[in-house]
Amino acid sequence: MEFDADAPPRSNTPEFTVSEISGAIKRTLEGEFGRVRVRGEITELKAYPSGHIYLALKDEGAKIRGIIWRFAVPRLSLKPENGMEVIATGKVSSYGERSDYQLIIDRIEFAGEGALLARIEQLRKKLGAEGLFDEARKRPLPLLPRLVGVVTSEKGAVIQDIRTTIARRFPRPILLWPVPVQGQGAAQQIAAAIEGFSRLPPGIERPDVLIVARGGGSLEDLMAFNDEAVLRAAASCPIPLISAVGHETDTTLIDFVSDRRAPTPTAAAELAVPARAELLAGLAHSAARLLQCGQGALDRARLRLSRLEARLPDLPGLVGAARQRLDDRAERLAMAPRALLAAKRAALDAIAPRLPHPRESLAGHRHSLALLQQRGAAALQRQLDRSQTALHRLPDPRGRLESRLREARARLEGLSGRLEGASYQGVLARGFALVRAESGEPVTSAAGIAAGARLSLTFQDGARMVTADDTAPGPAAPPAAPAAPRRPRRAAKPAAPEATPPAPEQGSLL
């Protein structure tokens, strides 16, 4: 055998391709582990449009990737979220393209009651801070609802218990909205049912009270009623809501949000409708008490009336006495005018002798009047004598009065002359005439008169109509100056010396 020094050294280690080693690892993992349950905290959760969910589970020392295929998502009992501590059930496999190993998950559940209770407590604090658990938000239940709404499973014993209890206590119609009460998607359907009752169309009667119920179960089975969507739907529901989830020892967050909490579905039905027998008994008791009260009031009123009747006077006797007084007053009234006239006549007869005769009164008044006339005539004569004496003592005013009259007459004549000189009638009396056009307007220039124009000439004693021609008149003589008005003569004053006429000025040589 020839030995080639240049050939590479051979080894007993087997040689694999990448695909072969990846497939071998995958078969080893799936064969060794099979189905496993892994506990950890969900992180890096991401849901793809294809429907698959990718996530990772981690604890204090490691992390493993996981995937939930689309067909397994509806079968999950809870909705995975980041930070949730769960136990995932599936098989370990690998992804050869990236050389990663991963967990194919087909079931997820909470990691024990401790994790569930911690999650519930966190949600309770959150909603409590928002005021969803306040007692002021609680509404009273109607006394007798016309329609009862129920949100529960249609196949369980819960709806049968509610039906029999309502039929036994007070039959009322029931409107059922069937929903799953546990498992994946149960919380969303319960929340949709509560909101659906709140938004019923006008053609469908809306319940007066709503019962959300289910039977007992483990904490995981009741987690749908601790879901935030269900709690918010119950808090915003306008219908009074009764929660009846689980048995008396079971407590869910919907019990704090609802208006009333019932320990069992049967107790919820008892809270929703009253007992008919109890209502009838209460009604009969109230009727008996009302009848007794009314009878007592009648008896007391009858007794009071009897006592008042005993204290009332004899009404027929009072009426007879009043009638007798009326007859007596009527008789006395008929006699009263005659008695009054007789009394007045007697009084007048007694006074008449003491009255004076009218003639004596007239004579006395005449005498008093004559005295007053005499005294008045004497006083008047004395006043006249005193006035005449005073008048004779005054100086004679006749000369002064005549002088003032002459001055006034002279002033009046002067004013009359000035008035006549200013009047156009005086001008017309001196031979002038007032010329007016045919329209009545005065004519002041000859140039404004057309040939053949009709003119009105007004004289002192009347007016005449004339026609103008083309002949121009000759030069007119200047009008005589109006005579100066005469002034009254006064006493002659000494004549002033005649003024010397001024010497004529010398003319200009140029």
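Residues numbered from 1 in each chain as written. Predicted model: local features only at pLDDT ≥ 70, side-chain atom pairs only at ≥ 80, totals over all residues. Heavy atoms only, no water.

**Student:** What am I meant to see in the overall build of the protein here?
**Tutor:** If you tally the helices and strands in the protein, you get 12 helices and 13 strands. Here the protein holds 510 residues, and 25% of them are scored as buried. Partitioning the intrachain contacts of the protein with sequence separation of at least 6 by distance along the chain shows that 61% fall at a separation of at least 24. Summed over all atoms, the accessible surface of the protein reaches about 37700 Å², with 57% contributed by carbon and sulfur. (Helix = DSSP H or I, 4+ residues; strand = E, 2+ residues; numbered from the N terminus. Buried < 20%, exposed > 50% of the residue type's maximum accessible area, 1.4 Å probe, protein only. Contact = heavy atoms within 4.5 Å. Areas by Shrake-Rupley, 256 points an atom, 1.4 Å probe, with all protein chains shown as cover.)

**Student:** Is there a simple way to explain the sheet that holds strand β11 (residues 434-437) in this structure?
**Tutor:** Hydrogen bonding along the main chain pairs the strands of a sheet, whether they run parallel or antiparallel. The strand order β11-β12-β13 describes an open sheet built from three strands, whose pairing is antiparallel. Taken across any chain shown, the strands that pair with only one partner, and hence form the sheet edges, are β11 and β13 (463-467). The mean inter-strand angle of the sheet, taken between neighbouring strand axes irrespective of direction, is 30 degrees. Relative to strand β12 (residues 454-458), β11 runs antiparallel, the two sharing four bridges. Bridging across to β12, Val-435 finds its partner in Leu-457. (Pairing = 2+ DSSP bridges. Axes fitted to C-alpha atoms, helices over the stretch in contact; angles between N-to-C directions.)

**Student:** What am I meant to see in the sheet that holds strand β7 (residues 174-178) here?
**Tutor:** If you walk across this open sheet you meet the five strands as β7-β6-β8-β9-β10, and the pairing is parallel. The open sheet is flanked by β7 and β10 (260-261), the only strands paired with a single partner. Pairing analysis gives four bridges linking strand β6 (residues 148-152) to strand β8 (residues 209-214), with the strands arranged parallel. Of the residues in β8, the one forming a bridge with Val-148 is Val-209.

**Student:** I keep staring at the pairing of strand β2 (residues 53-58) and nothing clicks. Help me out?
**Tutor:** A regular strand carries its side chains on alternate faces of the sheet. Pairing analysis gives five bridges linking strand β1 (residues 35-47) to β2, with the strands arranged antiparallel. Paired with Ile-42 across the strands is Leu-57, a residue of β2. Linking β1 back to β2 in an antiparallel pair, the connection comprises five residues, with Gly-51 at a positive phi of about 105 degrees. Across six bridges, β2 lies against strand β3 (residues 63-68) in antiparallel orientation. Each bridged residue has a counterpart across the sheet, and for Leu-57 the counterpart in β3 is Ile-64. In this structure, the hairpin formed by β2 and β3 is closed by a connection of four residues.

**Student:** Explain helix α4 (residues 186-198) to me, please; I cannot follow it from the model alone.
**Tutor:** For an α-helix, the turn length of 3.6 residues means that residues three or four places apart are oriented alike. End to end, α4 covers 19 Å across 13 residues, agreeing with the expected 18 Å (1.5 Å per residue, within 8%). Within α4, burial applies to Ala-186, Ala-187, Ile-190, Ala-191, Ala-193, Ile-194, Gly-196, Phe-197 and Ser-198. On its buried face, α4 is in contact with β6, β7, β8, α5 (228-235) and β9 (241-245). (Expected span 1.5 Å × (residues − 1).)

**Student:** Even after reading the chapter, I still don't get the nonpolar core, so can you show me in this structure?
**Tutor:** Side chains that are nonpolar tend, in soluble globular proteins, to be buried together. Counting residues in each nonpolar core, the largest one holds 54 residues, and the members touching the most others are Ile-68 and Ile-194. Broken down by element, the residue count for this core peaks at seven residues, all from α4. Contacts of Ile-194, omitting those with residues within four sequence positions, involve Leu-210, Val-212, Val-230, Ala-233, Ala-234, Cys-237 and Leu-241. Core analysis: the next-biggest nonpolar cluster, separate from the first, contains 19 residues, Leu-141, Val-158, Ala-244 and Ala-268 among them. (Core = buried A, V, L, I, M, F, W, Y, C linked by side-chain atoms within 4.5 Å.)

**Student:** What exactly am I supposed to notice about the environment of Pro-180 here?
**Tutor:** Position of Pro-180 relative to the elements: it lies in the loop between β7 and α4. Distance in space between the C-alpha atoms of Pro-180 and Lys-155 is 9.5 Å, their sequence separation being 25 residues. If we skip the residues at most four places from it in the chain, Pro-180 touches Ala-186, Gln-189 and Ile-190.

**Student:** So what exactly am I meant to see when it comes to the side chain of Ser-258 here?
**Tutor:** One can find Ser-258 in the loop between α6 (254-257) and β10. Taking relative accessible area as the criterion, Ser-258 reaches 2% and is therefore assigned buried. In terms of polar contacts, Ser-258 uses its side chain to reach the side chain of Ser-243, at 3.0 Å. When sequence neighbours within four positions are dropped, the list of residues in contact with Ser-258 reads Lys-138, Leu-241 and Ser-243. (Polar contact = N/O pair within 3.5 Å; in protein donor to acceptor, adjacent residues only side chain to side chain.)

**Student:** Sorry, what's going on with the confidence of the model for the protein here?
**Tutor:** Taken residue by residue, the protein gives an average pLDDT of 80. The fraction at 70 or more is 87%. The lowest-confidence element of the protein is helix α12 (residues 424-429), averaging 74 in pLDDT; the highest-confidence one is β6, averaging 93. Contacts of residues 480-510 to residues separated by more than four positions or lying in other chains number six contacts, the stretch itself having pLDDT below 50. (pLDDT = per-residue confidence, 0-100.)

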